[in-house]
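# Structural description and commentary
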Amino acid sequence: MTMKRILSVSLAAAALAACAPTPKAPPAATTAARPAPPPAAPPPAPADAFRKSPPPPGPEVVFVPPRIEEAKLANGIRVLVVERHELPIVAVEVTTVRGADQAEPGVGAFAGAMLTQGTKTRNALAFSDALGKLGANYTSWVNFDGGGVQGQSVTPRFGEMLTLLGDAYMSPAFDRTEIERERSRRITQLAEMNDRPSSLLSIAQGMTLYPEGHAYSAPLLGTEAALKKITQGALAKFHAAQFRPELTTIAMAGNITKADAVKEAERVFGAWKGPVGAPPAPPTAELPPTPPALAAGEPRVVVVDRPGLTQSTVVVTMPGVPRSTKDYDALLVMNTLLGGQFSSRLNLNLREKHAYTYGARSSFDMRHGPGPFSAGGAIVRENTGPAVREILAEIDRMRREPVTIEELADAKANLIRQLPARFETAGATASTIASLAIYGLPLDEFATRPARIQRITPVDVQRVAQQYLVPEQLRVVLVGDAGAIGEQLSALQLGPITVQKAPGVTSGDAADKLGKGAAAPEAAKPAAPAAAQGAKPATAAPAQAVKPAAAAPAQAAKPAAAAPAQGATKPAAPAQPKAPSPATNKP
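The rules behind these values
- Residues numbered from 1 in each chain as written.
- Predicted model: local features only at pLDDT ≥ 70, side-chain atom pairs only at ≥ 80, totals over all residues.
- Heavy atoms only, no water.
- Helix = DSSP H or I, 4+ residues; strand = E, 2+ residues; numbered from the N terminus.
- Buried < 20%, exposed > 50% of the residue type's maximum accessible area, 1.4 Å probe, protein only.
- Polar contact = N/O pair within 3.5 Å; in protein donor to acceptor, adjacent residues only side chain to side chain.
- Phe/Tyr/Trp six-rings, centres within 6.5 Å; stacked < 30°, edge-to-face > 60°.
- Lys NZ or Arg CZ within 6 Å of the ring centre and 35° of its normal.
- Contact = heavy atoms within 4.5 Å.
- Expected span 1.5 Å × (residues − 1).
- Core = buried A, V, L, I, M, F, W, Y, C linked by side-chain atoms within 4.5 Å.
- Axes fitted to C-alpha atoms, helices over the stretch in contact; angles between N-to-C directions.
- Parallel < 35°, antiparallel > 145°, perpendicular 65-115°, else oblique.
- Nonpolar A, V, L, I, M, F, W, Y, C, P; charged D, E, K, R; others polar.
- Pairing = 2+ DSSP bridges.
- Left-handed = near helix turned anticlockwise from the far one by under 90°.

A separate point is the environment of Y210. Its location among the elements puts Y210 in the loop between α7 (197-209) and α8 (224-229). For Y210, a relative accessible area of 3% translates into the label buried. Remark: the alpha-carbon pair of Y210 and P291, spanning 81 residues in sequence, is separated by 5.8 Å. A polar atom in the side chain of Y210 sits 2.7 Å from the backbone oxygen of P370.

This part is about the packing of aromatic side chains. Scanning all chains against the criterion turns up 10 aromatic pairs. In this structure an aromatic cluster arises from ring pairing among Y169, F238, F243, F269 and W272. Above the plane of the ring of F110 lies R186, whose end atom (NZ or CZ) is 5.4 Å from the centre. If you follow R367 out to its NZ or CZ, it ends over the ring of Y216, 4.6 Å from the centre.

The subject of this paragraph is the environment of A330. Here A330 shows up in helix α11 (residues 328-339). For A330 and T457, which are 127 residues apart along the polypeptide, the C-alpha to C-alpha distance reads 8.5 Å. Contacts of A330, omitting those with residues within four sequence positions, involve I456, D460 and V464.

With that settled, consider the side chain of S374. With respect to the helices and strands, S374 occurs in strand β10 (residues 372-380). Within polar-contact distance, the side chain of S374 engages the side chain of Q205 at 3.0 Å.

What follows is about helix α5 (residues 158-170). In this model α5 runs 18 Å from its N-terminal to its C-terminal C-alpha over 13 residues, within 8% of the 18 Å that 1.5 Å per residue would give. By the criterion of burial, α5 is predominantly enclosed, with 10 of the 13 residues buried. Turning to α5, its buried residues number three or more, namely F158, M161, L162, L164, L165, G166, D167, A168, Y169 and M170.

For the rest of this paragraph, the subject is the nonpolar core. By size, the foremost hydrophobic cluster in this structure holds 52 residues, and its most contacted members are V92, L235, M252 and F269. In terms of residue count, α5 provides more of this core than any other element does, eight residues in total. If near-sequence neighbours (up to four positions away) are discounted, M252 is found in contact with L80, V81, V82, A91, V92, F158, L162, A261, A265 and I433. Listed in part, the 49 residues of the second largest apolar core include L332, F373, A387 and I485.

Packing of helix α3 (residues 107-114) against helix α9 (residues 232-242) leaves a shortest axis separation of 9 Å and a crossing angle of 85°. One way to sum up the angle between α3 and α9 is to call them roughly perpendicular. Every residue of α9 that contacts α3 at V107, G108, F110, A111 and M114 is listed here: A234, L235 and F238. A breakdown of the residues in the contact of α3 with α9 according to their chemical character gives seven nonpolar, one polar and no charged.

Turning to its location among the elements, L348 is positioned in helix α12 (residues 345-353). Taking relative accessible area as the criterion, L348 reaches 40% and is therefore assigned partly exposed. Sequence separation between L348 and A360 is 12 residues, and the spatial gap between their C-alpha atoms is 8.5 Å. When near neighbours in sequence (up to four residues on either side) are disregarded, L348 contacts F342, S343 and K353.

Once that is clear, we can look at the sheet that holds strand β11 (residues 475-480). Strand order in the open sheet made by the six strands is β9-β10-β8-β11-β7-β12, with mixed pairing throughout. The open sheet terminates on both sides in strands that have one partner only, identified here as β9 (357-364) and β12 (497-501). Across the sheet, the mean angle from the axis of one strand to that of its neighbour is 15°, orientation sign disregarded. Bridge analysis of β9 against β10 gives six bridges, and the strand direction is antiparallel. Counterpart to T357 in the pairing with β10 is I379. Together, β9 and β10 form the strand contacts of α12, whose direction differs from that of β9 by roughly 160°.

Another aspect to go through is the packing of α3 against helix α6 (residues 176-193). The contact between α3 and α6 brings their axes to 11 Å, and the two run at 125°. As the angle between them shows, α3 and α6 are arranged oblique. Once α3 is placed against α6, the crossing between them reads as right-handed. In contact with A109, F110, A113 and M114 of α3, α6 contributes E178, I179, E182, R183 and R186. Of the residues belonging to the contact of α3 with α6, the class tally is five nonpolar, no polar and four charged.

Attention now moves to the sheet that holds strand β5 (residues 147-154). Read across the sheet, six strands follow the order β1-β2-β6-β3-β5-β4 without closing on themselves; strand pairing throughout is mixed. Of all strands in the sheet, those with a lone pairing partner are β1 (69-72) and β4 (137-142), marking the two edges. Between one strand axis and the next, the sheet turns through 15° on average, direction left out of account. As paired strands, β4 and β5 are joined by six bridges and run antiparallel to one another. Note on β5: the bridge partner recorded for T139 is Q150.

For the rest of this paragraph, the subject is helix α18 (residues 482-491). Along α18, the residues that are buried comprise A482, I485, G486, Q488 and L489. Capping the start of α18 is the job of one residue whose side-chain oxygen sits 3.1 Å from the backbone nitrogen of G483: D481. Positive phi appears at Q493, one or two residues downstream of α18, with a value of about 55°.

Relative to strand β2 (residues 78-83), β1 runs antiparallel, the two being bridged by four bridges. By the bridge assignment, E69 is partnered in β2 with V81. Where β1 hands over to β2, the hairpin turn is made up of five residues, of which G76 adopts a positive phi near 100°. As judged from the six bridges shared by β2 and strand β6 (residues 248-254), these two strands associate in the parallel manner. Looking across to β6, one finds that V79 is bridged to I250.

If you want it as C-alpha cells, here you go:
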C-alpha cells in the first residue's frame, strides 16, 4: 500500500513538471554597431578684427563724493552723517582726536583695547554677549593719532548698539582681572613677533630715527618692560584726559537720516560731561617734535642681525612730515611715482628690471607729528647691497630729473580712481569721515582733492622731492644675516655700520663679519609688532600713501602684491612679510 502511494506522488510530480512552461532563451546579442554620429562642424574662425582689436574701454567713472552733514551737541560733541539708504545697515565710529602720542609707550594702545573689555555697568562677558545678540560687528582701538569704538548693525538694532558702544567709550571699567589677561596676551604677542623680520625692522626704524623719549621712538604696542609697568591708574588717567566730549566726533553712515542720527547721539552722549571738575581740554594737543637732523659722521646703516635669513628686509628712511603739511597733495603724487603704485619707479627697477624683490614700495607716514618716510621691501639676500644702491639711485633721480607728462598723468589717474573705494561701504564711509576730524581737515577734503591733484605739475613734484628727500638724512635700516651681507653693505661706502643682535640670537660678534668700519653691536632690542592688537582694523579703501611691506609701524594699508610678471626671472626667496593691519584709514 505504501509503495502505491509513493508511486502516485511521483507520477503526479512528473505530470506537473511536464505542464510547466519552457523558459525562453535570451535573445542573441546584436552584433551590428550603431551608426556613428556625423562629425561636428568646426567652430567658425574669429574675424581678424576681433583678434587684433581689443574692446574699447568703458566710460571714465566720475568720483562723486557723498554729502557730509554736520551737527554739534550742547556738550561739544561733533556729529558727522552720511545718508546711504540702499541697505538696512548703519555704521558708526566714535573717536577722540587725541592718540597714543600723548602717553607713555604702550599705554594708549592698551587703553584702546580695554574699552570693549567691560564697562562700569557690564563685565566683559556681559558686554560681548549683549552686542553678539544684536549681530553687531564692533571693535575698539587707539593709534598714534586717535582712538575710540566702532560698530555696525542692521538699522532696527542700531540704537541698542550705540547704547553699548557709548557705554564702552565713556565708562570703561579697566577691571584688574581683564587688565592682567590683556597684559599677558600682549607680552605673548611680543615674543611671537621676534620671529618676524618686519616687526624687528619696525622697532629698529623707530629707534634709529627718533631719540629716546620721543613719542614715535617706541612701537605703538610698547615693549615688554613698558607693558609690565602699566597700571589701572595709568589707563584710567589716559582715558580721562583724552576721551572728552569736546574732543569727540561721532561719525555715522548708512540707513539713517541726519535728524535720527543727532537724536540717537543726544540720547546716548548728550548728558556726558567728562571728568568732574576738569577744565576743558586745550584745542590742540602737544605734538611730537621734529627729531634732530643726522649729524655728519653719524652711522647711517643699522643691521638687525638674524643669521640664516635668505632675504633682507630693507628700508631706506628718514623723518618725514606731519599730515598738516601744505605740500600734502604734491607729496602724494611724488610718492605715487616713486613707490606708491605697481608701476612706480622703485618697483619697475627692483622687481621688473633687476628681480631683486617681489615688490618695492615707498610712503610718507603722515601723523599728527612727522612720521617716517620709508622706501624698501624684502630683498633676496645675495642682492641686498645692489638693491639698496638702486633705492638710493631712484630717490636721487626723483630729485634730479623732472617726471614725464605721461608718468604724471598715470599717477594722478591712479590716485583719483582710488577715491570711490573710501566710501564703498557704510563702515568705510564712517571711518573716512571720522578721519577728517582726527586730522582737522575740512568736510570737502575729498570733494576738492581730484582738482587739487590735477593741478600738480612736474615742477611741483621735483620741488617736494628736493625739499623732503634729503640724501644726507637718509638712513638704511635692515634685518638680515649680517655675516652674509656685510661685504655688500661695506661696498656702498655709507659710513660705519651699526649691528644689533635680534632677540634670541646667540651667535658671535656680527660686527666682526662686516669688516672694517663696523660699529660695535648694540644690546638686543625687544621685538614688537608694527601695529598694536588694540589698533583698529582697516574698514575702508587702502590709503594712497602705501607702506612698504617692512616699514615702520604702518597705519596705511598695503596693496596686495601682484603676481610676478611673465618672462621675468624672480629670485628664489620667500614672499615678503605681511604688513600689519593699518590702524586707521588716513585721509
